[in-house]
Each structure stands twice: as C-alpha cells, then as structure tokens.
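# Tertiary structure, described
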Amino acid sequence: MTHTDLTPLVNRRTVLGGSAAVLVATSAGLGSEMPTASAARPDPTTYAFFTDPHADPENAVQMARLKATLEAIAADEPALVLHAGDVTEYGTVAEYEAYEAVIPDSIKDKVEHVPGNHEIRWDVTAYENYTEHVDELNFEVTVGGVQFLLLDPTIVQQEVGYYTEADLDWLRRRLRAKPAHQPTVIVTHYPTAEGHYYVVNAEELLATIEGWNVRLVLAGHTHRQHVEHLNGLTHLEGAAVKNAAQYYRLTTAPVGNRQTVASLQHVLIPDPADPATQTVTDLADIDLERQPRRDPLDPRTIDVRVRRNELHVSVRGANAPAGTTARASLYSQQIYAGRVTEAWVPLARTGSTFSGTVDISDLTPGDHRLNVELVDGVRRWREVVAYTINGPAYRPVWEMPLGGIITGALGQLGDRVFAGSSAGSVTAVDPGLRLPAKAWSTEVGPALTNLTVDEAAELVVVGSANGTVTALHADAGGVAWRTDLGHPVMADPLVATIAGEPSVVVMAADELVRLDATTGTVRFRRALSGVSAGRPAADDDRIYVGLGDGKAWAVDAATGEPVWSRELANRAGSYRKLIYGPWTHQVTLITPELVFVSTVAGGRALDRAAGEIVWEIAKSFLYTPPRILADGDLLLVDEWGEARRVDATTGETRWLTDRFVSRSLDAGPVVTGDSALVVGTMGDLAVLDLSDGSYEKVRQLSSSPVVSSPAAANGVLVTGHLDGVLRGFRG
C-alpha cells in the first residue's frame, strides 16, 4: 500500500493495448505475467513521457499547450505514455475533467500517471479525486520488455515528499519478482539527483534499487530539463508542459532478442496550433543491458567520526577507476522541499582510499547526515551517511514507532499524550523519563490531521480520511461515539461550548458540520463556498472559518447561515484564491472582540461582529497555530521560522526574532512557563525566551521532519515525526 493506505496496489486497467502491453501485479499473484513471445526478436518500441501540465480550465494558454502535446504524442503511436505528475493546478474535479477531455481517444488507455504535489497540497479528498479520475498509487506495468514502476512519495497536504517503508517494501517486492535481466524504469514526481531535497529520504530510494537493473528515473516538478548520471542510472527531469508544448520520446532498439539500448529525445512544439511541426533534440542513449551488481564508483565502505568540531571522513573505493575524485558535503537538513548548491569538500586519494575533514562547528548536537560522492567525469555515485553529535540538552530517551506517517498534532490531557497516524490508529502514551508506556491504541481509520482533546468530557476527538469523526475515552480508548460524514475529514475538529451546548465543529470538504460533543449527533450541515483543511473557531453567536474561496467567514452558530465574509485573497482565478487564502488556518479567538485569521500574505485580527480588519501583520501565519500567552499576548511563528510576541488587542509587536528554525509548517510551539519550545519543520529544536525573544538552538532531534505539534509531559518533550515514530527527549 501507499503511505496513506487508501487505495489498492494495482492499476485499474488490466491491459494497456497491444500484445506487448501487460499489467504485472496482483496481490494474489505477485510477479505473475501474461506469456509473451520473449524468445522472438523484439521490435523497436516507442514510449512517450511528459510532465507538469497543470491542467486548468480557467487558463486557455496552458490547456492549449497540453492539448498540442497530447495530439503530438498520439501521432507517435506510442506503446505507453508516462506522466510524472502535477496533472492539475490544485486537484479539483473540474481540472481533472478538463484534462481527461483533451486526451485523444487513441491513447486514453495508454496513459499512466503518478501524482504531483499540486494534486495533493490542497487536497481535502485524501487522494479520492485523483484515484477516481486518473490512476491508483504505486503500481507497475510491463510494456515492450521494460518494467515501469510508478512510485508515489507525495504526502497529502504537504509539500515535501517521503518514501515510507510501505512504499519501499512494495518497490522491493516488484524488483524481486521480475527477471534479473529485465530493464526497469522508475517514474516519480520528485527528482532525486543534483542537490535535490524535495524528498526527505531520497537516499533510501537509491539504496533500495541498488543492484537491480534499474536504468532510468523519469521525474518532473522542477519544470526544467536536466539529465544526470547518478548511482549507475540516468535521471531525467522533464520540462513542464505548463510552460511549453513538449514531451520526451523514449525508443528501445533491439539487439538479438533483447531491448538493449534506449534513445531519449526531447520533442518541442513551438506553436501549439501546429502540433505536427516539431523540434527534436537527442538527449541520451541508455544502456538497458543488465549491469554489474556493484558499480565501479560504489564505495566499499564509508567511515565518519566526530572529533570535536570536525567530521573525519574515510571512503574506501576499491574499484574506483583512475581519475575518480571524491568529495563530501554536509547534508542540508534545513532545506525544506527545495534545491541547493552544495558546498563540497574534496577528499584526498591515497591508493584506493579517499579521506578528509569537514567542518561541523556550526551544527547543533543531534542527528545529522553527510553527502559523500565519487565522481568520474559526468558519472557520480552518492551515499548519505548518518552521524550524531553528542550534547546534553534534550537528549533522546525513547522512541515508539506507530506505523505509517504522523502529520497531525499531538493531543494532551494531564501527562498523557495522544497521537494519530496514517496507519489508522490513535495511540495514548504515558511518557516516562526512560521508557514510555502505551496506555491504549484504537482503530479510527487514517488520521492525517490534528486531533482535539475535550478536557471537560475527557474525550479525544479525531477526524479520519475514511470520512468519520470519532470520540474516544481518554482513559481507556473506548469509542464514545463515531459519526460518518461521508467525506474524508481532512480538517481539524474544534471542541467548543456553543450557547451552553458542548459541540464539535469541523469542515468536511466544503461542508461545515456541527455535532453534539456528547453523542456525535449532527446538529447541522451547511455547504459553504469553498473547501477548508483548517480549524474553525466559535463563540455563542458565530462560527468563524477560513475557506478556499479566499475569504474568512462567520456563520450563525445555531444554523450555519452566513453572517459576514471578508476577502483576504483578492486574486484572479480559483486556484490563486485558494492558495493565497486562509484555507488551512487554525482560526483563533484572541480577545472577546477579535478573531485571528491568516493567509500566506498576512495575519489579520477581524472584528467578530462585522468582520472588519482591526489590525494586520504582513507575514504568513497560515500554517503554524498561534499561542495565547498567560497575559493575553499572542505568540506568532511565521512559516519561515521567525517568531514575535504581539499585543492581541492592537497588533503591536513587542519583540521579533530573526529566522531561528528551519521552517514552521503546522507544528505549533509548546509553551512552558516563560519559554517556548519551537520545533522546526526539518526536526530542529530551539528554546525561545518569551520575555525578550532571545533563543538558543539546542538540538537536531531527528533527520525526519516534524509537521505535528509536539507535547511536553512528565519532563519529556514528545514529538511526532513524518517517519511514523514518536520520540521522547529529556530537557
């Protein structure tokens, strides 16, 4: 299964068309394949590859480029068409339908896809729109004697990619099931070569395919054309159809009874009105023959040792050809979903060993990684090596794997901490200074958003991608009630008392739902003018919510009837209204008169009665929830890792930090007395003095990101990481 465990393994089409196009994989017959005439001399086979069209029915220019690209591909009569994602701008049904409408009938059953970040970043359907209109997630097709594995490291409502253990296990099983000589091509949205940090653990993908006959990786995302030779295979980043009508032609040439060479060409269509007029450029020839299990550049051993402020590196490359060089660079852990020009340190060669030192004086204690490369001309081999810098502050004391990934905030009641994961459970943990105690674990379905604790009723309320909202007893984990809303619940539930009635308020797609917090009974459902993945706020009179229409709304708390709206993203087009709007903000009541709502352009305090803007700060507080301090001030952390203390009534900034954590996306600060513990998205921890804004960067908690708000209980900082592990740190 994929990391969300929401869809089947296999593609919905059993045969792609033509005698050579056969689907290879069922859960019952893993590795089974329909008989083909493998002994006969194979004919040349043509494949097409394109990426990043960003289909948008409101953008005629982009749609014209997409239409021309697909018409030109159809004229090639390829055996298979591969698509590396960003099918749409933001994953709406209208966009998928517009995309489907321009695919020529002759290739409709030949196009296979992986999702891109634009399919999932603003997705409140938990991949339902994508799988209904396009393809399943993680699947395999074999066409013309070549195995194609389409991999999905996307994470719903996150920008960064991550290969879960389930993803990698699926990949291992597919590679083991194929004939050893058969060439394999991997298609995935995020590229993995040249300074790329779009995927948290790209090195695990490279390690998984090492030794198998994987010859080519096709990717998109960067919108540029770039060819590299890394770890024994060719990597192509495809240029975006959004920017020009274009695609790539891959043609295999037979030698004997095998496909042994593939030629890769770029096909540019200068005028979308004339798809037949093309400029064709040769890019690379790819050897499809089975390669040696160990590449000459693959180092035998890599040894790294921390000695004070230096990292001593020794690389043994026994088979490295003459002229091979080696280099090392600090893994750019602070880079979130981006690309960086790495600062390389050359390693000196003595015989078959390369060695040198790397300065680590600027790093905090904790878990870090090092890039090591052997380079021979244009060919490179990269390994990523983990190491730890010791330090006393917030040292790790325990780990508890929950399975899947953790993206929702941790909840807390007393010293008990609650965590949900995509694996489908909510787990209660009593943190200890040495070991944690698991109090209970209850199945609720994939929990990908923030859970909420009802302290008065001692209930844990969680929404699930399976469409339910569940209330669990905090003491024993039993189900108090469960309500099926019929849509994936990808927004954060609010527990509030409204006009004396304990209530749960949550968005499901574009519907605002109010439930009785005691029984789960639906009080009202109201369709609104946009989707939301955020958390509403409520008082006795109104419920306040940020929507994907670019507006903040107040609705009647008893009926859901709209009271007022405030435009916060005055942008052209539905896509820009959503991405620049308050669609995922945790709306917060900050004074008896004001409610705080943010977009990526600014945070605003709105008058609760009329929605007028009382004050605003031009920074993005869209993702990180605000914290109300003991004296009523606000602690705000923007998405770029700057913090400020603000007078909630006037918006006056009392102090402002510089950027002191990597990023701040979804994980809120933990306030402990006069300090706040701020965990950056990339797993770095800083302690912030609330009196003056001074701070200390104290630890790199893990190489796995944190988009889940932590908790502090029983002297332990508890963090939930993208790799599905709860970690405890003693301050």
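Computed from a prediction, not measured in an experiment: that's the story for all the values here.

## Notes on the sheet that holds strand β37 (residues 542-546)
Ordered in space as β36-β37-β38-β39, the four strands form an open sheet in which the pairing is antiparallel. Since the sheet does not close on itself, it has two edges, and those belong to β36 (537-538) and β39 (562-567), each with one partner. Bridge count for β37 against strand β38 (residues 551-556) is five bridges, and the pairing is antiparallel. Residue pairing across strands places Arg-542 opposite Asp-556, the latter belonging to β38.

## Considering helix α2 (residues 93-101)
Along α2, the residues classified as buried are Glu-95, Tyr-96, Ala-98 and Tyr-99. When α2 is viewed along its axis, its buried side chains cluster within an angular range of 160° and face the same direction. Tucked inside the fold, the buried residues of α2 contact β2 (45-50), α1 (60-76), β3 (80-83), β4 (111-113), α3 (117-120) and α4 (128-133).

## Describing empty space enclosed by the protein
In total, this model carries six cavities of 30 Å³ or more according to the counting rule given. Size it by volume and the largest cavity reaches roughly 220 Å³. When grouped by side-chain class, the residues that make up the lining of the largest cavity number seven nonpolar, seven polar and three charged.

## Quick look at the pairing of strand β27 (residues 437-443)
For strand β26 (residues 425-430) and β27, the ladder comprises six bridges, and the chain directions are antiparallel. In the strand pairing of β27, Asp-430 is matched with Ala-437. Two successive antiparallel strands, β26 and β27, enclose a turn made up of six residues.

## Remarks on the pairing of strand β46 (residues 643-646)
Residues Ala-643 and Arg-645 of β46 are buried on one face, and the alternating residues Arg-644 and Val-646, pointing to the opposite face, are buried as well. With four bridges joining them, strand β45 (residues 634-637) and β46 adopt antiparallel strand pairing. By the bridge assignment for β46, Leu-636 is matched with Arg-644. Here β45 folds back onto β46 in antiparallel fashion, the turn holding five residues, of which Gly-641 has a positive phi close to 90°. Looking at chain direction, β46 and strand β47 (residues 653-656) are connected through three bridges and run antiparallel. The partner of Arg-644 across the bridge, within β47, is Leu-656. Hairpin connection between β46 and β47: a loop of six residues separates the two successive antiparallel strands, and Gly-651 in this loop has a positive phi of roughly 80°.

Criteria and cut-off values
Residues numbered from 1 in each chain as written. Predicted model: local features only at pLDDT ≥ 70, side-chain atom pairs only at ≥ 80, totals over all residues. Heavy atoms only, no water. Pairing = 2+ DSSP bridges. Helix = DSSP H or I, 4+ residues; strand = E, 2+ residues; numbered from the N terminus. Buried < 20%, exposed > 50% of the residue type's maximum accessible area, 1.4 Å probe, protein only. Arc of directions from axis to C-beta. Contact = heavy atoms within 4.5 Å. 1 Å grid on protein atoms, 1.4 Å probe; cavity = no way out; pocket = protein on both sides within 12 Å on 5 of 7 lines; lining within 4 Å. Points joined across faces, edges and corners; volume = space filled by probe spheres on them. Nonpolar A, V, L, I, M, F, W, Y, C, P; charged D, E, K, R; others polar.

Purely geometric numbers; function is a separate question.
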